[in-house]
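# Notes for the structure review
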Amino acid sequence: MEFNQANGERSASISRKTNETDIKLAFSVDGTGVSELETDVPFLNHMLDLFAKHGQFDLKVQARGDIEIDDHHTVEDIGICLGQTLREALGDKKGLKRYASVFVPMDEALAQVVIDISNRPHFEYRAEYPSSQVGSFSTELVHEFLWKLALEARITLHVIVHYGQNTHHMIEAVFKALGRALDEATGIDPRVTGVPSTKGVL
């Protein structure tokens, strides 16, 4: 993994190759919402594009996986890589706002994402979708992606879909809220000296 915090730039990149996937991912916290996404999972491309745009992150992903089996390994490993680059990019976490809670509507659907950049990985997920698939994408993979992101980034992540009728809209609201909440939580508060914890470390 490579990361760069020179001149205040918070970014990292990673290459991960297994017998199941081959992934190259670059992530910049302080971006402009630009994404370059090449994966074998079109619906995930769409969701990551929304995440980057609404979080004002720069995200580049090249991923190939054993989708002849299913999308599971590719989605899981992209979540792992994104989590690891996020953790590296944030460095010592000095000056972070740390917390965020964001609601995002998508037509009839409403999602909420709550984040604590805590160095304590935890994931809570409350979502019931009307259908188990969006096109060829299995909705259970949303949980897999978010859990691995939280685990590898070492953040506390709560995701709640309060209601909705269209599965695509509901998942889209989640990824938009994730981007906006992470943008807020990773923001720098000039009033904060050191890390935002009475422990003195995160």
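Preceding block: the structure.
Below is a short write-up of the structure. (Residues numbered from 1 in each chain as written. Predicted model: local features only at pLDDT ≥ 70, side-chain atom pairs only at ≥ 80, totals over all residues. Heavy atoms only, no water.)

## Let's talk about the pattern of salt bridges
Overall, the coordinates contain eleven salt bridges when judged by the stated rule. Arg 64 is the partner of Asp 40 in a salt bridge, and the nearest nitrogen-oxygen pair spans 3.5 Å. Of this pair, Asp 40 sits in the loop between β4 (35-38) and α1 (42-55) while Arg 64 is found in strand β5 (residues 58-65), placing the two residues 24 residues apart along the sequence. Owing to a relative accessible area of 22%, Asp 40 belongs among the partly exposed residues under this scheme. (Salt bridge = Lys/Arg side-chain N within 4 Å of Asp/Glu carboxyl O. Helix = DSSP H or I, 4+ residues; strand = E, 2+ residues; numbered from the N terminus. Buried < 20%, exposed > 50% of the residue type's maximum accessible area, 1.4 Å probe, protein only.)

## Considering helix α3 (residues 140-153)
Taking 1.5 Å of rise per residue, 14 residues should cover 20 Å, and α3 covers 20 Å from first to last C-alpha, within 8% of that figure. Of the positions making up α3, those classed as buried are Leu 141, Val 142, Glu 144, Phe 145, Leu 146, Lys 148, Leu 149, Ala 150 and Ala 153. Packed against the buried residues of α3 are α1, α2 (72-90), β8 (122-126), β10 (137-138), β11 (156-163) and α4 (167-185). Phi for Arg 154, located one or two positions after α3, is positive at around 60°. (Expected span 1.5 Å × (residues − 1). Contact = heavy atoms within 4.5 Å.)

## Topic: the nonpolar core
Judged by nonpolar contacts, the single largest core of 62 residues is most densely connected at Leu 25, Leu 59, Phe 145, Leu 146 and Leu 157. Per-element tally for this core: the top contributor is α4, with ten residues. The residues touching Leu 25, leaving out its near neighbours within four places in the chain, are Ala 12, Ser 13, Ile 14, Leu 59, Lys 60, Val 61, Ile 78, Cys 81, Leu 82 and Thr 85. (Core = buried A, V, L, I, M, F, W, Y, C linked by side-chain atoms within 4.5 Å.)

## Some remarks on the side chain of Thr 85
Turning to its location among the elements, Thr 85 is positioned in helix α2. A polar atom in the side chain of Thr 85 sits 2.9 Å from the backbone oxygen of Leu 82. (Polar contact = N/O pair within 3.5 Å; in protein donor to acceptor, adjacent residues only side chain to side chain.)

## Quick look at the packing of aromatic side chains
A full pass over the atoms with the stated rule returns seven aromatic pairs. Plain terms: the ring middles of Phe 27 and Phe 51 are 6.4 Å apart, the flat faces sit at 15° to each other, and that makes the pair stacked. In this pair, Phe 27 sits in strand β3 (residues 21-28) while Phe 51 sits in helix α1, placing the two residues 24 residues apart along the sequence. Both residues of the pair, Phe 27 and Phe 51, count as buried. Ring centres of Phe 27 and Phe 57 lie 5.2 Å apart, and the angle between their planes is 50°; on these two criteria the pair is classed as tilted. On the criterion of sequence distance, the pair formed by Phe 27 in strand β3 and Phe 57 in the loop between α1 and β5 is long-range, its members being 30 residues apart. By the burial criterion, Phe 27 is buried, and Phe 57 matches it. An aromatic cluster of three or more residues is present, and its members are Phe 27, Phe 51 and Phe 57. (Phe/Tyr/Trp six-rings, centres within 6.5 Å; stacked < 30°, edge-to-face > 60°.)

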